[in-house]
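Structural overview
Okay, here's what each chain looks like letter by letter:
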Amino acid sequence: MTIQYWLRWLSLHGVPRAVLRYHSSRGDTFARMLSPKGIVDPHPYIERIRAQGKLVKTPLPWVTCDYAVAKAILRDNRFGVRSSARIEIPKVLQRFANRVPPPANPADPPAMLRMNPPEHATMRRPVVSAFTPRAIKKLRDRVESVTEELLAALPSSGTVDLVETFASRVPIAIIFEMLGMPREDEAKFLAWGEDMTPMLDVGVSWSTYDRAIKAATELNDYLDVHIERLRRDPGEDVLSTMITGGELDQYALKANTSIIIGAGFETTANLIAHAVSLLLGHPDQWDRLRAEPELWPNAVEEVLRYEPPVFITARSALTDVELEGVPLPQGSMVMLSLGGANRDPAVFTDPQRFDIARPNAGEHLAFSNGVHACFGANLARMESTHALRALFERFPDMRAAAPPRLRQQLTFRGNAKVPVELGRSVRSTPSPAG
Ligand code: HEM
């Protein structure tokens, strides 16, 4: 690993990490929310921030947990994205660090998540155009058959980790379908995904960043071969469409494929895993779904509201802006707590309550808003609604075998393990909802 990567880490994560630790030790609420304890349960910190105001200054960026402010910023073209909560290192070191660009990855430009208009559209257009109703319909058939195959393979007794055996496996099979990848490579992608998603977090350790860069390098090598294969023999998959469209160079193809992988399966896996934990922890809500299965799509919206798989995001002022009476000079960064916005009492009645019949559950910001709004939202909804209903109806006696184990990440907040005992299996899977 080169010194250049270390300098990049220092600017993107190392210095912010030290600043956060210092302020966390002095009791700062925002810094504590990003600490290991805050990741386990961020909501007490979120409520403290909410009590301080709609837009709160912290030692690093500004932060908001307010629904209206978060949504307004996401939709405001005076705000844009930039590469992480960078703290500038001296120019000479920056120039030196930039001599070795990082392997294409989801956290750096030209990944669409890190691009502003108008270039953002160049990255997003070729991908979105592949989300045709026909493609989604084809994926729906695939979701049904993959779910059935995975449920049938679950062991009939003992403790089962539902993340490893089910929650991550449904979405990865679908991403593979989308990207024209051979299924035997799924395990490699699961491992790369696990290592790379912390790159989107704030203040990760050098060893975590180093592991992410190594995973991104391996993924780049894999994609070079795979893209070459598709150039020679394009299929009907998303990646072939991106390649034949000719708008993206090789680096941009790889960066945007890595964001589709990261955004496309880690998030949906976290949604399914959160839903399992929440329903097992709220038996009254599961009972209600048994009695009223037509509530499944709304239950998925409520899981997205209550435990959004993308918990925070950020925007920077591209120009001097005044918001809520607060002047934000150009370059000011605002952290948007999507998890906080989704529990804003101004929008959601009794917001700390998990209620699968909540009438306005679908107003959540879990899929963001504005130019970067998630275009995989309907696919994620379809996948998770079908997979969850099939799982819960197949195993009516399922129960938690141990508490779920959370990943130490706040951006992609989710469970690493959800151990359950499945109990008896009811063979016929009823027709899916959603
Ligand atoms: C439960 C599942 C999902 C959740 C919670 C989710 C959430 C999000 C959020 C919050 C953003 C925007 C972040 C921001 O504004 O800074 C986003 C963007 C994105 N999502 Fe999703 N997503 C999910 C599933 C998917 C799927 C299935 C795909 C693709 C197959 C996908 C692909 C993307 C891409 C490529 C972007 C970047 C869009 C852009 O920058 O223009 N996501 N997602």
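Residues numbered from 1 in each chain as written. Predicted model: local features only at pLDDT ≥ 70, side-chain atom pairs only at ≥ 80, totals over all residues. Heavy atoms only, no water.

Our next topic: the site of the ligand. Residues in contact with the ligand amount to 26 residues; listed here are only the nearest, His120, Thr313, Ser368, His372 and Cys374. Within the side chain of histidine 120, an N or O atom sits 2.6 Å from an oxygen atom of the ligand. Alanine 263 has a polar backbone atom sitting 3.3 Å from a nitrogen atom of the ligand. Elements supplying a minimum of two residues to the shell around the ligand: helix H7 (119-128), helix H10 (169-179), helix H14 (250-281), strand S5 (312-317) and helix H18 (377-394). Take the shell around the ligand: its biggest share by element is five residues, from H14. Its residues assigned to classes, the shell around the ligand comprises 16 nonpolar, eight polar and two charged. (Near = heavy atom within 4 Å. Polar contact = N/O pair within 3.5 Å; in protein donor to acceptor, adjacent residues only side chain to side chain. Helix = DSSP H or I, 4+ residues; strand = E, 2+ residues; numbered from the N terminus. Nonpolar A, V, L, I, M, F, W, Y, C, P; charged D, E, K, R; others polar.)

Our next topic: the environment of lysine 188. Positionally, lysine 188 belongs in helix H11 (residues 186-196). Separated by 30 residues in sequence, lysine 188 and glutamate 218 have C-alpha atoms that sit 9.6 Å apart.

Turning next to the sheet that holds strand S4 (residues 159-161). Strand order in the open sheet formed by three strands is S4-S12-S9, with antiparallel pairing between adjacent strands. With one partner strand each, in any of the chains shown, S4 and strand S9 (399-400) form the two edges of the open sheet. The pairing of S9 with strand S12 (residues 419-421) spans two bridges and is classified as antiparallel. The residue of S12 that forms the bridge with alanine 400 is valine 420. (Pairing = 2+ DSSP bridges.)

By size, the foremost hydrophobic cluster in this structure holds 84 residues, and its most contacted members are Leu162, Leu391, Phe392 and Met398. With 15 residues, H14 is the largest single contributor of residues to this core. For methionine 398, the residues in contact, after removing those within four places along its chain, are Leu162, Leu280, Trp286, Leu391, Phe392, Val420, Glu421 and Leu422. Core analysis: the second largest hydrophobic core is formed by 20 residues, Met33, Leu34, Ile312 and Ala314 among them. (Core = buried A, V, L, I, M, F, W, Y, C linked by side-chain atoms within 4.5 Å. Buried < 20%, exposed > 50% of the residue type's maximum accessible area, 1.4 Å probe, protein only. Contact = heavy atoms within 4.5 Å.)

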